[in-house]
Amino acid sequence: MDLFIAIGICFVPALVLSAILLLTVKNLQVWQVLVSFASGILAIVPIAVLQYVVFKLPIFNTNTLVSLLVTAFIFNGLIEETIKMAWICILPGKRMSCGTFLAAAIIAGFACGTFEVVVYLMNGERQVGLRFLTAVLIHTFCAGLSGLYVWSYKQKKPLLRPFIMAILLHGVYNFFAARSGGFQWFAIITIIYAAIRVRFSYTQLTSFGDNDTIPNIHDAG
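Residues numbered from 1 in each chain as written. Predicted model: local features only at pLDDT ≥ 70, side-chain atom pairs only at ≥ 80, totals over all residues. Heavy atoms only, no water.

Draft legend 1. Quick look at the overall build of the protein chain. Looking only at helices and strands, one finds 10 helices and zero strands in the protein chain. In summary, the protein chain has a C-alpha radius of gyration of 17 Å against a globular reference of 17 Å for 221 residues, a match within 12%. The dimensions of the protein chain, computed from C-alpha atoms along their principal axes, are 50 × 40 × 30 Å. In the protein chain, which comprises 221 residues, the proportion classed as buried is 46%. Contacts spanning at least 24 positions in sequence make up 75% of the contacts within the protein chain whose residues lie at least 6 apart. Counting 14 positive and 8 negative side-chain charges, the protein chain places the averaged centre of each group 7 Å from the other. (Helix = DSSP H or I, 4+ residues; strand = E, 2+ residues; numbered from the N terminus. Rg over C-alpha atoms; globule rule 2.2 N^0.38 Å. Buried < 20%, exposed > 50% of the residue type's maximum accessible area, 1.4 Å probe, protein only. Contact = heavy atoms within 4.5 Å. Lys, Arg positive; Asp, Glu negative; His and termini not counted. Charge placed at Lys NZ, Arg CZ, Asp CG, Glu CD.)

Shown next as structure tokens:
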């Protein structure tokens with residue numbers, strides 16, 4: 001029973017975040033929040049399956065610097081962010097403003113990170129609070145970056161740079177978070193920089209007019 005209570009408590013921050021965004025983001029609707037929440041949770045399923053398979057490969061399970069780099073940037077960065085981005089694609093970007101879509105993507109990322117915490121909790125993890133302040137936040141901000149790319153793609157003027165940054169930042173975060181000796185502080189810096197990149201990319205996409213359109217620059221990089 002205590003485990004079920006702990007799992008329920010884990011979802012409280014996600015519910016609070018969703019409620020705040022519903023109240024503060026113009027045109028964000030309840031059904032969009034529910035779809036975002038579901039997409040974030042469902043993204044963990046293929047990630048968990050791939051983790052079970054991929055981590056059996058020698059390059060991923062050896063205790064070397066090369067293995068850590070490959071795991072951080074290939075699995076945590078490229079694979080996880082691509083899966084999250086694919087699930088964010090189910091949102092109807094053409095009918096949502098950039099700000100509304102970003103809010104939905106952030107909810108999806110927070111839900112994904114929350115469900116990952118629940119999985120770790122069920123496996124005996126006890127540093128749940130720390131994970132919410134670190135791993136959940138990097139999932140959230142990287143999902144925001146991926147969401148901005150998806151929105152721009154649905155507007156038929158893709159800006160790929162935010163998605164590339166999501167991959168790189170998630171990889172950098174995991175690389176430093178997995179190391180000891182003070183390297184974890186670089187992981188914290190990466191989280192802060194990811195939040196700044198979300199703001200920067202959002203401003204870049206919306207600073208060309210009031211209708212959330214993107215200039216015809218065809219910026220794919």
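Draft legend 2. Summary view of helix H3 (residues 30-54). Under the 1.5 Å per step criterion, the end-to-end length of H3 is 36 Å for 25 residues, consistent within 8% with the ideal 36 Å. All buried positions along H3 are accounted for by Gln 32, Val 33, Ser 36, Phe 37, Ser 39, Gly 40, Ala 43, Ile 44, Ile 47 and Val 54. (Expected span 1.5 Å × (residues − 1).)

Draft legend 3. Just the pattern of salt bridges, in detail. Tallied over the entire structure, the rule returns one salt bridge. Across the salt bridge formed by Glu 81 and Lys 84, the nearest N and O atoms sit 2.9 Å from each other. With Glu 81 and Lys 84 both in helix H5 (residues 65-88) and three residues apart, the pair spans about one turn of that helix. Note on Glu 81: relative accessible area 0%, which makes it buried. Using a relative accessible area of 3% as the deciding quantity, one classes Lys 84 as buried. (Salt bridge = Lys/Arg side-chain N within 4 Å of Asp/Glu carboxyl O.)

Draft legend 4. Structural view of the side chain of His 139. Structurally, His 139 is set in helix H8 (residues 135-154). The exposure class assigned to His 139 is buried, which follows from its relative accessible area of 2%. Non-local contacts of His 139, meaning those with residues more than four positions away in its chain, are made with Glu 80, Lys 84, Gly 109, Cys 112, Gly 113, Glu 116 and His 170.

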